[in-house]
Amino acid sequence: PPVSGDGPSLERRNPTGASHDPTTWPRRDGTRTPGAVNSKATPRIRPFGVVVAEGDTGSQTADAVVYLEDIHGDPYTATEPITIDWTTVDIPSNPAVAHPGSDYVATSGTLTINPGESQSTVPVEILGDTIDEPPLLYGEWALLSFPNPSPTATLWPGFFGLALISTIDDDP
């Protein structure tokens, strides 16, 4: 279809014959976005955070998402089990961050992303309270560290390989 604007009408062109699906568009380096096909043999494990409301009583589970990606940042589907250890991180000297026992349950484990999957979640139990806490960039922070990835994967270096759980204080 024509593209209109200030100048003369132009026809959209597809000189390469490539699909209009962005998962198949070529990159500047000549490679193509992989879509469901892995472009590199070694995936990166990329932890993401999650935002949850604190609540006044009881507890709830915050599921921090962990993705697999290739070196271009595109989704990577595991071809073999990929594991990484994880643990909550306590920063006791900072009153503005979440603390184990009063804001969340300290825990650790091993996350496995199975063949055919490209992501999984790490569950952390968030504890509700009625304490009015000072906001720190949208709430109290709980950090997850990810040491010891599988030998067949690397940890994404951004944000020091940490995931952030931001707990929004909903108290007056």
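Residues numbered from 1 in each chain as written. Predicted model: local features only at pLDDT ≥ 70, side-chain atom pairs only at ≥ 80, totals over all residues. Heavy atoms only, no water.

1. Looking at the environment of threonine 77
Stated precisely, the cut-off is as follows: Strands here mean DSSP runs of E at least two residues long; helices mean DSSP runs of H or I at least four residues long; both are numbered from the N terminus. Residue exposure (1.4 Å probe, protein chains only): buried if accessible area is under 20% of the type maximum, exposed if over 50%, otherwise partly exposed.
In this structure, threonine 77 sits in the loop between strand S5 (59–69) and strand S6 (82–89). On the accessibility criterion, threonine 77 (24% relative accessible area) is partly exposed. Between the C-alpha atoms of threonine 77 and serine 118, which are 41 residues apart in sequence, the distance is 4.6 Å.

2. A word on the pattern of salt bridges
The test is simple: We define a salt bridge as a contact between a side-chain nitrogen of Lys or Arg and a carboxyl oxygen of Asp or Glu at a distance within 4 Å.
Counted according to the given criterion, the structure contains 2 salt bridges. Between glutamate 69 and arginine 44 there is a salt bridge, and its shortest N-O distance comes to 2.7 Å. Of this pair, glutamate 69 sits in strand S5 while arginine 44 is found in strand S3 (residues 44–47), placing the two residues 25 residues apart along the sequence. Arginine 44 shares its class with glutamate 69; the two are buried. A salt bridge links arginine 46 to glutamate 69; the shortest N-O distance between them is 3.3 Å. Linking arginine 46 in strand S3 with glutamate 69 in strand S5, this pair joins segments that are 23 residues apart in sequence. Accessibility expressed as a relative area gives 22% for arginine 46, which makes it partly exposed. Of the residues examined, glutamate 69 reaches a relative accessible area of 4% and is grouped as buried.

3. Describing the sheet that holds S3
The test is simple: In this description, strands pair whenever DSSP reports at least two bridges between them.
Strand order in the open sheet made by the 4 strands is S8-S5-S3-S10, with mixed pairing throughout. With partners counted over all chains shown, the strands left at the sheet margins are strand S8 (119–127) and strand S10 (154–155), one partner each. Here S3 runs beside S10; their pairing, made up of 2 bridges, is parallel. Bridge pairing in S10 links isoleucine 45 to leucine 155.

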